[in-house]
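A structural walkthrough
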Amino acid sequence: MFGAGGGTSSYREAEEADLVILWGSSAREAHPIFFHHVLKGVHRGAKLYAVDPRRTSSAQWADVWLGLEVGSDIALANAIGREIIHAGLVNQEFVRRATANFDAYAAAVEPCTLEWAEAQTSVPAEAIRELAHDYGRADRAQLCWTLGITEHHNATDNVLALINLALLTGHVGRWGSGLVPLRGQNNVQGGGDMGALPNKLPGFQDVVTNLEARDRFEKAWGVGIPPRAGWHLSLMFEAMERGELTTAYILGENPIRSEADSDRTSRLLEGLEHLVVQDIFLTDTARIAEVVLPASASWCEAEGTVTSSERRVQRVRRALQPPGQARDDIEIICELARRLGSDWGHPSSEQVWDELRSLSPMHKGMSYPRLEALGGIQWPCRDEQDPGSPFLHGRLWEEDPERRGPAAPFFAVAAEGPLDLLDSEFPIRLTTGRRLDSFNTGVQSSQYATPIRRRESLNLSPEDMSDLELTDGDRVIVSSRRGSVEAPVLTDSSLHRGLAFMTLHFPDEVRTNRLTLDAWDPKSGTAEFKATAIRVTKLRAAVREAAVQGAPDPVA
């Protein structure tokens, strides 16, 4: 929306804000470093709101928890926007000077009354009103979100609905007020910055519309760059299904375990003519590859940089040599290029970075010596005198229209629920997430023990446990419209009736992504991991005994 794919604020701003909203984010579990900054703000008097279907460990620290229904985020955001407008809390001067399309937005949210939103979201109208008034009146407010907002079929619209609230109140473009999308994994921000997006060159330069940037890259690389966007991951799988994509090169990713509808993912990857996997572990995806290239662990066996969710680029230094036949990623890629007919030489990580700085204006001032001396720099950093940018979009507050630049537009987005509908056959809503002790598909984190880890389970509300006549430890068949898994159950008081929770940390025990829906957001390509319709069936003792004795798998 603002032209750069990164959060507007520094982590420290959460410490100095008057109000922090965690929306679809259990930061204490999934982003514990950032949550420490939030707690510092709370201890200094900041009011904390948690907007989440579950009363997570983050929500337990909140002054107010808004336990909305899964997939009702836009309805809630639109109602908050309407209440801000009706309460006279709009930052009129900021809206007039720095934004566009306000009237269309105001008309779109007008039907979204507090009473309507309560019916749509199950959040009490008074709680919605309280959040709207606190956010509208706060001097400094941080609005933070993560995968609970983005892992939906309408992910982009979810994000736009939140950005609208910041524009209404002027909570963007100044210290202490901003929009904070917390990245799902380490260096996801860095991957996007480096052009690992189908429509962007490094530095978020559009490959289709930015003719000057494309010309600059073509001259540096000595090749033509097609003026069209490529495929994101969801489109790649559709292309595999059509037979258009027959070869894949996968680096540091385990899609057989991490992608929605994992049975389909496995079938498509196994059907490729040629699959190459570059990784530090022999993952499930690597096991089906024709070629496996053993890579280095980038956090300790390689030189380079990493970029955090606050846009801070930091140096990574090699502490160990890669073991055995493992090789640095840069070395592997350059050797592949040589064998394919392009000799790129043997560049160091610093030489690669310096080429990047010459082509990406937002990284130009970030030399290795400066990154070392300053302990990291936040982009954009335009030259060697630029200290970096603790927050973004301060231009929106400029008096001079030329310095202020293009207006930030409101986007009227309509509320739309999950695609995987609940019915009598699949009456329970499963949402997925992460726990503090584990990481993603568990390939890395399962290699060590920790006293806070517990194995995978289907978490159900006390009411659903009672309705289904289950006790903790009972084993059940969990079924969706795509497949079934067997799992033990656990009572979870953070859940309300009709809501279940699982992680994907232990796919060797429970293949959670056999259940999830691979419908995806047409703008971002993100699948709807957060809203699966399921049914739960108690596994009878006789069936369990037959399975143990080698009878047909009751899940199959």
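Residues numbered from 1 in each chain as written. Predicted model: local features only at pLDDT ≥ 70, side-chain atom pairs only at ≥ 80, totals over all residues. Heavy atoms only, no water.

With respect to the sheet that holds strand β14 (residues 377-378)
Strand pairing in a sheet is mediated by backbone hydrogen bonds. Such pairs are either parallel or antiparallel. Here is the rule we go by: Any two strands with at least two DSSP-identified bridges between them are counted as paired. Only runs of H or I of at least four residues qualify as helices and only runs of E of at least two qualify as strands under DSSP, and these elements are numbered from the N terminus.
Spatially, β12-β13-β14 is the arrangement adopted by the three strands of the open sheet, whose pairing is antiparallel. Of all the strands in the sheet, just β12 (304-307) and β14 have a single pairing partner and so form its edges. For strand β13 (residues 312-316) and β14, the ladder comprises two bridges, and the chain directions are antiparallel. Paired with Arg312 across the strands is Gln378, a residue of β14.

Overview of empty space enclosed by the protein
Put simply, the rule reads: Think of a 1 Å grid over the protein atoms and nothing else: a 1.4 Å probe that fits but is trapped marks a cavity, an open set flanked by protein within 12 Å on at least five of seven lines marks a pocket, and residues with an atom within 4 Å of a point count as lining. Grid points are joined across faces, edges and corners, and a volume is the space filled by probe spheres set on the points. Amino acids outside the nonpolar list (Ala, Val, Leu, Ile, Met, Phe, Trp, Tyr, Cys, Pro) and the charged list (Asp, Glu, Lys, Arg) are all regarded as polar, and Gly is one of them.
The final tally for this structure, using the stated rule, is two cavities of 30 Å³ or more. Reported here for the largest cavity is a volume of approximately 300 Å³. Mapped by element, the contributors of at least two residues to the lining of the largest cavity are α9 (147-150) and β16 (428-433). In terms of residue count, β16 provides more of the lining of the largest cavity than any other element does, three residues in total. In the lining of the largest cavity, the residues fall into six nonpolar, eleven polar and five charged.

Notes on the pattern of salt bridges
Oppositely charged side chains can form a pair if their charged atoms are brought close together. Basically, it comes down to this: Salt bridge, as used here: a side-chain nitrogen of Lys or Arg that lies within 4 Å of a carboxyl oxygen of Asp or Glu. Remark: exposure states derive from per-residue accessible area (1.4 Å probe, protein chains only) relative to the maximum for the residue type, with buried under 20%, exposed over 50%, and partly exposed in between.
Summed over the entire model, instances satisfying the criterion amount to 44 salt bridges. The residue Glu151 makes a salt bridge to Lys530 at a minimum N-O spacing of 3.5 Å. Pair noted here: Glu151 is in the loop between α9 and α10 (155-169) and Lys530 is in the loop between β20 (499-503) and β21 (532-538), with a separation of 379 residues, a long-range link. For Lys530, a relative accessible area of 8% gives the class buried.

Description of the packing of helix α13 (residues 233-242) against helix α15 (residues 262-270)
Worth spelling out the cut-off: Fitted lines through C-alpha atoms give the axes, limited to the stretch in contact for helices. The angle between two N-to-C directions lies from 0 to 180 degrees. Each angle receives one of four descriptions, namely roughly parallel if under 35 degrees, roughly antiparallel if over 145, roughly perpendicular if within 65 to 115, and oblique otherwise. The sense of a crossing depends on the near helix, which, turned anticlockwise from the far helix by less than a right angle, makes the crossing left-handed and, turned clockwise, makes it right-handed. Any two residues having at least one pair of non-hydrogen atoms within 4.5 Å are treated as being in contact.
At a minimum axis distance of 10 Å, the contact between α13 and α15 shows a crossing angle of 60°. Our classification of the angle between α13 and α15 gives oblique. In this structure, α13 meets α15 at a crossing whose hand is left-handed. Each of Phe237, Glu238, Met240 and Glu241 in α13 lies in contact with α15, whose residues at this interface are Arg264, Thr265, Arg267, Leu268 and Leu269.

Some remarks on the environment of Met362
Along the chain, the position of Met362 falls in the loop between α18 (349-359) and α19 (368-374). In this structure, the C-alpha to C-alpha distance between Met362 and Gly203, residues 159 residues apart in sequence, is 6.2 Å.

Looking at the packing of aromatic side chains
We count it as follows: Note on aromatic pairs: the rings of Phe, Tyr and Trp (six-membered ring only in Trp) are paired at centre separations within 6.5 Å, and the planes decide the class, stacked below 30 degrees, edge-to-face beyond 60, tilted for the rest. Any Lys NZ or Arg CZ that is within 6 Å of a ring centre and within 35 degrees of that ring's normal is treated as a charge sitting over the ring.
Tallied over the full model, the rule gives six aromatic pairs. Residues Tyr105 and Phe410 carry aromatic rings whose centres are separated by 5.1 Å and whose planes lie at 25° to one another, so their mutual orientation is stacked. Note that Tyr105 is positioned in helix α6 (residues 102-109) and Phe410 in the loop between β15 (408-409) and β16, a separation of 305 residues in sequence. The same class applies to Tyr105 and to Phe410, which are both buried. Here the aromatic cluster, defined as three or more aromatic residues joined through ring pairs, consists of Phe102, Tyr105 and Phe410. Taking NZ or CZ as reference, Arg54 lies 3.7 Å from the ring centre of Phe501, over its face. The ring of Tyr448 has Arg453 sitting right over it, with the charged end atom 5.1 Å from the ring centre.

Quick look at the domain arrangement of the protein
Filter applied, for reference: Just so you know, the domain bounds were taken from an automatic or database domain assignment. By buried area we mean the combined loss of accessible area, with a 1.4 Å probe, across both parts when two parts are placed together.
Split into domains, the protein comes out as domain 1 (11-181), domain 2 (188-378) and domain 3 (428-549). Each of domain 2 and domain 3 has a C-alpha centre, and these two points are 32 Å apart. Listed as interface residues are 16 residues of domain 2 and, on the opposing side, 20 residues of domain 3. Here domain 2 meets domain 3 over a buried area of about 1,600 Å², counting both sides, of which 50% is carbon and sulfur. Arg257 serves as the salt-bridge partner of Asp508, at 2.8 Å between the closest nitrogen and oxygen. Taken together, the elements giving at least two residues each to the side of domain 2 that touches domain 3 come down to α13, α14 (255-258) and α15. Classifying every residue of the side of domain 2 that touches domain 3 by side-chain character gives three nonpolar, seven polar and six charged.

Structural notes on α18
Inclusion rule: By arc we mean the arc of the directions from the helix axis to the C-beta atoms, nothing more.
Looking at α18, one finds that the buried residues are Ser349, Trp353, Leu356, Arg357 and Leu359. Angularly, the buried residues of α18 cover 165° about the axis, an arc narrow enough to put them on a single face. Buried-residue contacts for α18 involve β8 (205-206), α12 (211-221), β12, β13, α17 (329-339) and α19.

Here we look at a nonpolar patch on the surface
Operational definition: Each patch is built from residues that are more than 30% exposed by relative accessible area and take part in no salt bridge. Like charges join if they lie within 9 Å; nonpolar side chains (Val, Leu, Ile, Met, Phe, Trp, Tyr) join within 5 Å. Each accessible area value is a Shrake-Rupley result obtained with a 1.4 Å probe; residue values ignore everything except the protein chains displayed when judging cover.
Taken together, the side chains of Tyr249, Leu251, Ile333, Leu336, Leu340 and Trp344 present a nonpolar region at the surface, about 600 Å² in accessible area. For the nonpolar patch, the elements supplying multiple residues, two or more each, are β9 (247-251) and α17. Among the structural elements, Leu251 can be located in strand β9. On the basis of relative accessible area, Leu251 is assigned to the partly exposed category, the value being 39%.

Here's the deal with the sheet that holds β16
Taken in spatial order, the six strands close into a barrel running β16-β20-β17-β19-β18-β21, and their pairing is mixed. Looking at each pair of strands side by side, their axes are set apart by 45° on average, direction ignored. The sheet contact formed by β16 and β21 spans three bridges and is antiparallel. Looking at the pairing, Leu430 lines up with Thr532 of β21.

A look at the nonpolar core
Defined as follows: Nine residue types can take part in a nonpolar core, namely buried Ala, Val, Leu, Ile, Met, Phe, Trp, Tyr and Cys, and a core is a set of them joined through side-chain atoms within 4.5 Å.
Of all hydrophobic cores here, the largest spans 51 residues; its most connected members are Ile21, Trp23, Leu66, Ile80 and Tyr135. Tallying contributions element by element places α10 first for this core, with nine residues.

A few points about the pairing of strand β2 (residues 47-51)
Extensive coverage of β2 is indicated by the burial of four of its five residues. Sheet topology note: the β2/strand β3 (residues 64-66) ladder contains three bridges and is parallel. The partner of Ala50 across the bridge, within β3, is Trp65.

Describing α12
Because an α-helix completes one turn every 3.6 residues, residues spaced three or four positions apart along the sequence face the same direction. If you check which residues of α12 are buried, you get Ala213, Arg214, Arg216 and Phe217. Taken down its axis, α12 places every buried residue within 160° of arc, on the same side. Exposed side chains of α12 directed beyond 90 degrees from the buried face belong to Leu211, Glu212 and Lys219. Against the buried residues of α12 lie β7 (200-201), β8 and α18. Just downstream of α12, Gly222 is the residue with a positive phi angle, here 70°.

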